[in-house]
Amino acid sequence: MDKILNIQQVSKTYQSAGRTLTVLHDINFSVDAGSTMSIVGPSGSGKTTLLGLCAGLDRSSEGFVELHNIRLNTLNEGQLAEVRNRYIGFIFQNFQLMPTLTALENVMVPLELRGEKKIRPIAMDLLDKVGLADRGHHYPSQLSGGEQQRVSLARAFSNKPQILFADEPTGSLDAETSERIIDLIFELNREAGTTLVMVTHDLDLAAKTQRIIRIKGGAIVSDQPTQAAIALQ
Ligand SMILES: Nc1ncnc2c1ncn2[C@@H]1O[C@H](COP(=O)(O)OP(=O)(O)OP(=O)(O)O)[C@@H](O)[C@H]1O
Ligand SMILES: [Mg+2]
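This text gives an overview of the structure that appears in the document. (Residues numbered from 1 in each chain as written. Chains lettered and ligands numbered in written order. Predicted model: local features only at pLDDT ≥ 70, side-chain atom pairs only at ≥ 80, totals over all residues. Heavy atoms only, no water.)

1. Side note on the site of ligand 1
- Neighbouring ligand 1 are 13 residues; S43, G44, K47, T48 and T49 lie closest to it.
- Within the backbone of G46, one N or O atom sits 3.0 Å away from an oxygen atom of ligand 1.
- For ligand 1, an oxygen atom lies 2.7 Å from a polar atom in the side chain of K47.
- Across the complex, the protein chains shield 63% of the 640 Å² of accessible surface that ligand 1 would expose by itself.
- If one sorts the elements of the shell around ligand 1 by residue count, helix α1 (residues 47–54) sits on top with three residues.
- A per-class count over the shell around ligand 1 returns four nonpolar, eight polar and one charged. (Near = heavy atom within 4 Å. Polar contact = N/O pair within 3.5 Å; in protein donor to acceptor, adjacent residues only side chain to side chain. Areas by Shrake-Rupley, 256 points an atom, 1.4 Å probe, with all protein chains shown as cover. Helix = DSSP H or I, 4+ residues; strand = E, 2+ residues; numbered from the N terminus. Nonpolar A, V, L, I, M, F, W, Y, C, P; charged D, E, K, R; others polar.)

As structure tokens, then:
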């Protein structure tokens, strides 16, 4: 099986107020292309930081991250942006929509960056998929948290990413919307073969993926096929 992601001996430290804070240490794992997995762990355990390193949004302090055998650590900012745009979709915990662009324009940005044609109808179709066909002209500040999350999902999908990183994708959604979003995410995996790496507090959601990595205090404490991980509960 092709490895889409390979992370070896990764650590991340922050310097603040003259002190060194290690938020991730000695993280090792790799991910099969087309697979689905979850990362779970307590608040502050380093999940978002880890996802950011995997997606090339941030750099590790030690070790390396390879995406499709490309070592992200060796790339400059421009090259990194290109790799992100070509392969990666990202759903952030705090949405990260551009406040000065409408919902529709936010979804159009990755398409535009890829140099696609006829991007408006494609973006409208994606907004329709997440149930926001009539909100395309709204700015993020005019949308609820759940609606912003759905725009962010439509934007992540617009890239046709080979790998989708999702940080608490259903964090602020009601049960019904959350179910619809999860269906869309797994449909993307089934139909386009998109690899899914998801951070979640929701163990029912984690149970839908094939593998669960638990982290605690910045270290991996278990990495198992989902059935084995759930049996331990
Ligand atoms: N820029 C930064 N400077 C200093 N410390 C940071 C920085 N970013 C994150 N941290 C610290 O790193 C640790 C891990 O943060 P992270 O956001 O990865 O946690 P998390 O597991 O995603 O938590 P949550 O479940 O609450 O989202 C936290 O203790 C956080 O305070
Ligand atoms: Mg987080």
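2. Examining helix α3 (residues 103–113)
- In terms of residue burial, α3 counts as a mostly covered element, since eight of its eleven residues are buried.
- Inspection of α3 places A103, L104, N106, V107, M108, V109, P110 and L111 among the buried residues, and these make up the whole buried set.
- Those residues of α3 that are buried are in contact with α2 (77–87), α4 (119–129) and α5 (145–158).
- The first or second residue beyond α3 is G115, which carries a positive phi of 75 degrees. (Buried < 20%, exposed > 50% of the residue type's maximum accessible area, 1.4 Å probe, protein only. Contact = heavy atoms within 4.5 Å.)

3. Remarks on empty space enclosed by the protein
- Under the definition given, this model contains one cavity of 30 Å³ or more.
- What lines the largest cavity is L53, G56, D58, R59, S60, V65, L72, N73 and L80.
- Class assignment of the residues belonging to the lining of the largest cavity gives a composition of four nonpolar, three polar and two charged. (1 Å grid on protein atoms, 1.4 Å probe; cavity = no way out; pocket = protein on both sides within 12 Å on 5 of 7 lines; lining within 4 Å. Points joined across faces, edges and corners; volume = space filled by probe spheres on them.)

4. Structural notes on a negative patch on the surface
- Taken together, the side chains of D174, E176, E179 and D183 define an acidic patch exposed on the protein surface.
- Along the polypeptide, E179 turns up in helix α6 (residues 175–192). (Patch = residues over 30% accessible without salt bridge, like charges linked within 9 Å, V, L, I, M, F, W, Y side chains within 5 Å. Salt bridge = Lys/Arg side-chain N within 4 Å of Asp/Glu carboxyl O. Lys, Arg positive; Asp, Glu negative; His and termini not counted. Charge placed at Lys NZ, Arg CZ, Asp CG, Glu CD.)

5. Quick look at the environment of H137
- Mapped onto the elements of the fold, H137 is located in the loop between α4 and α5.
- Take H137: its relative accessible area is 55%, and that puts it in the exposed class.
- Separated by 33 residues in the primary sequence, H137 and L104 have C-alpha atoms spaced 6.4 Å apart.
- Here the side chain of H137 touches H138 through a polar contact of 3.3 Å, side chain to side chain.

6. Points about the nonpolar core
- Within the largest apolar cluster, 32 residues are counted, with the highest numbers of intra-cluster contacts made by L127, V151, L153, F157, L164 and I185.
- When contributions to this core are tallied by element, the ones reaching two or more residues are α3, α4, α5, β7 (163–167), α6 and β8 (195–199).
- The greatest single-element share of this core, amounting to six residues, is contributed by α6.
- Excluding anything up to four places from it in sequence, V151 contacts L97, A103, N106, V107, L127, L132 and L143.
- Counting residues in hydrophobic clusters, the runner-up holds 31 residues, among them L72, L80, Y87 and I215. (Core = buried A, V, L, I, M, F, W, Y, C linked by side-chain atoms within 4.5 Å.)

7. A closer look at unusual backbone geometry
- Even without glycine at this site, H68 takes up a positive phi of about 50 degrees.
- Structurally, the position occupied by H68 is in the loop between β4 (62–67) and β5 (70–71).
- The phi torsion at K118 lies on the positive side, around 50 degrees, for a residue other than glycine.
- Along the chain, K118 falls in the loop between α3 and α4.

8. What to know about the layout of surface pockets
- In this structure, the largest pocket encloses a volume near 510 Å³.
- As for the largest pocket, its lining consists of 17 residues, and the residues nearest its centre are R84, N85, P110, L113 and N159.
- Sorting the residues of the lining of the largest pocket by element identifies α2, β6 (88–91), α3 and α5 as the ones contributing at least two each.
- Of the residues that constitute the lining of the largest pocket, the class distribution is eleven nonpolar, four polar and two charged.
- Looking at the second largest pocket, its volume works out to about 350 Å³.
- Lining the second largest pocket are 17 residues, with L126, K129, F157, K160 and L188 positioned closest to its centre.
- For the lining of the second largest pocket, the secondary-structure elements that each account for two or more residues are α4, α5 and α6.
- Ranked by the residues each element gives to the lining of the second largest pocket, the list is headed by α6, at five residues.

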